[in-house]
Each structure stands twice: as C-alpha cells, then as structure tokens.
Amino acid sequence: LPQEQIHEFLGTLGLEPGQPRTVRELWNLYEQNQYSPPMSWDKRRRSYSGLCARAPLISWQCALLSRDPELCRQMAPLAEEVLGKIDLAREASGWVANEAIVFLLLNLATDIKPSAHE
C-alpha cells in the first residue's frame with residue numbers, strides 16, 4: 001500500500017507511523033473481527049486482526065528461533081493469551097489462523113514448551 005493509505009489505516013486505530021508500540025499494546029487493541037471504517041481510497045473496511053493478533057504470535061516465533069529459552073518463556077504467556085482469546089472458527093483473518101497453527105506446530109516440534117517452565 002502507498003504510505004498515505006498505511007497512515008490512514010493506522011490512524012483509525014489511533015496509531016501514528018513512526019510511533020513505537022509494543023506487541024502488548026497492539027494486542028490490547030484487538031477485538032474479534034473488528035474492522036476499520038471505510039478507507040478513503042476504495043471505501044473498503046480493513047480487519048485489524050492481522051496487525052493486532054499476529055504480532056504476539058510472530059514475536060513468540062522469533063523468540064523460539066533465537067534459541068534463547070528465557071526469551072521464549074517471556075513471550076509464551078502473551079502468545080498463549082492470544083490463542084485463548086481468539087475464536088479461530090469466527091476469525092476473519094486467515095493470517096491469524098496460520099500463525100496460530102505455526103505456534104501449535106512449533107510447540108510440538110520443540111523442547112521449549114510455553115507453559116512447562118512456569
């Protein structure tokens with residue numbers, strides 16, 4: 001998307017480009033199947049799920065790929081919270097479902113279990 005369109009979409013969530021946000025802050029903006037108002041360039045509404053719900057799941061994947069067990073344990077509770085709140089059967093974002101599946105598959109494939117070390 002052109003930069004102006006990205007700025008408009010982020011603005012509908014109260015975000016500004018270049019304004020740092022934590023993964024937790026993005027997740028706190030998530031609501032199941034919440035959409036933006038119609039965008040000026042095509043009048044379509046955009047889902048916030050990809051921006052707000054994928055970030056915690058991707059962050060956990062990055063922690064896992066770092067091979068740092070402590071970092072993985074730090075990120076796991078947030079990823080688990082995401083999976084506990086999202087109703088994947090009703091979620092409009094296929095990307096969120098993909099990230100959830102990757103999270104579960106990586107848990108099966110690794111010896112770093114999210115809740116096992118609490």
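One can find the structure itself at the top, above this paragraph.
Since the model is a prediction, treat every value here as computed from it, not as a measurement.

Draft legend 1. Region of the structure containing the overall build of the chain. Within the chain one finds six helices and zero strands. For the chain, the succession of helices and strands along the chain, N to C, is α-α-α-α-α-α. A principal-axis box enclosing the C-alpha atoms of the chain has dimensions of 50 × 30 × 20 Å. Counting the 118 residues in the chain, one finds 36% classified as buried. A separation threshold of at least 6 residues defines the contact pool for the chain, and within that pool the share at least 24 residues apart is 62%. Approximately 7,000 Å² of the chain is accessible, and the part contributed by carbon and sulfur atoms is 56%. Computing the positive centroid from 12 side-chain charges and the negative centroid from 15, the chain places the two 5 Å apart.

Draft legend 2. Molecular detail of the packing of aromatic side chains. In the structure shown here, the tally under the stated rule is three aromatic pairs. Ring geometry for Phe9 versus Tyr48: centroids 5.4 Å apart, planes at 35°, classification tilted. One end of the pair, Phe9, is in helix α1 (residues 3-11); the other, Tyr48, is in the loop between α2 (23-28) and α3 (49-52), and 39 residues separate them in sequence. Grouping residues by exposure puts Phe9 and Tyr48 together as buried. On the basis of an interplanar angle of 15° and a centroid distance of 4.9 Å, the ring pair of Trp27 and Tyr30 is categorised as stacked. For the residue pair Trp27 and Tyr30, the accessibility class agrees, reading buried in each case. The ring of Trp27 is capped by Lys85, whose NZ or CZ atom sits 5.4 Å from the centre of that ring.

Draft legend 3. Here's a closer look at the packing of helix α4 (residues 54-65) against helix α5 (residues 69-85). Between α4 and α5, the shortest axis-to-axis distance is 8 Å and the interhelical angle comes to 155°. In terms of axis orientation, α4 runs roughly antiparallel to α5. Relative to α5, the crossing made by α4 is left-handed. Where α4 approaches α5, its residues Pro56, Leu57, Ser59, Trp60, Ala63 and Leu64 are matched on the opposing element by Leu71, Cys72, Met75, Ala76, Leu78, Ala79, Val82 and Leu83. Residue composition of the contact of α4 with α5, by class: 13 nonpolar, one polar and no charged.

Rules used in this analysis
Residues numbered from 1 in each chain as written. Predicted model: local features only at pLDDT ≥ 70, side-chain atom pairs only at ≥ 80, totals over all residues. Heavy atoms only, no water. Helix = DSSP H or I, 4+ residues; strand = E, 2+ residues; numbered from the N terminus. Buried < 20%, exposed > 50% of the residue type's maximum accessible area, 1.4 Å probe, protein only. Contact = heavy atoms within 4.5 Å. Areas by Shrake-Rupley, 256 points an atom, 1.4 Å probe, with all protein chains shown as cover. Lys, Arg positive; Asp, Glu negative; His and termini not counted. Charge placed at Lys NZ, Arg CZ, Asp CG, Glu CD. Phe/Tyr/Trp six-rings, centres within 6.5 Å; stacked < 30°, edge-to-face > 60°. Lys NZ or Arg CZ within 6 Å of the ring centre and 35° of its normal. Axes fitted to C-alpha atoms, helices over the stretch in contact; angles between N-to-C directions. Parallel < 35°, antiparallel > 145°, perpendicular 65-115°, else oblique. Left-handed = near helix turned anticlockwise from the far one by under 90°. Nonpolar A, V, L, I, M, F, W, Y, C, P; charged D, E, K, R; others polar.

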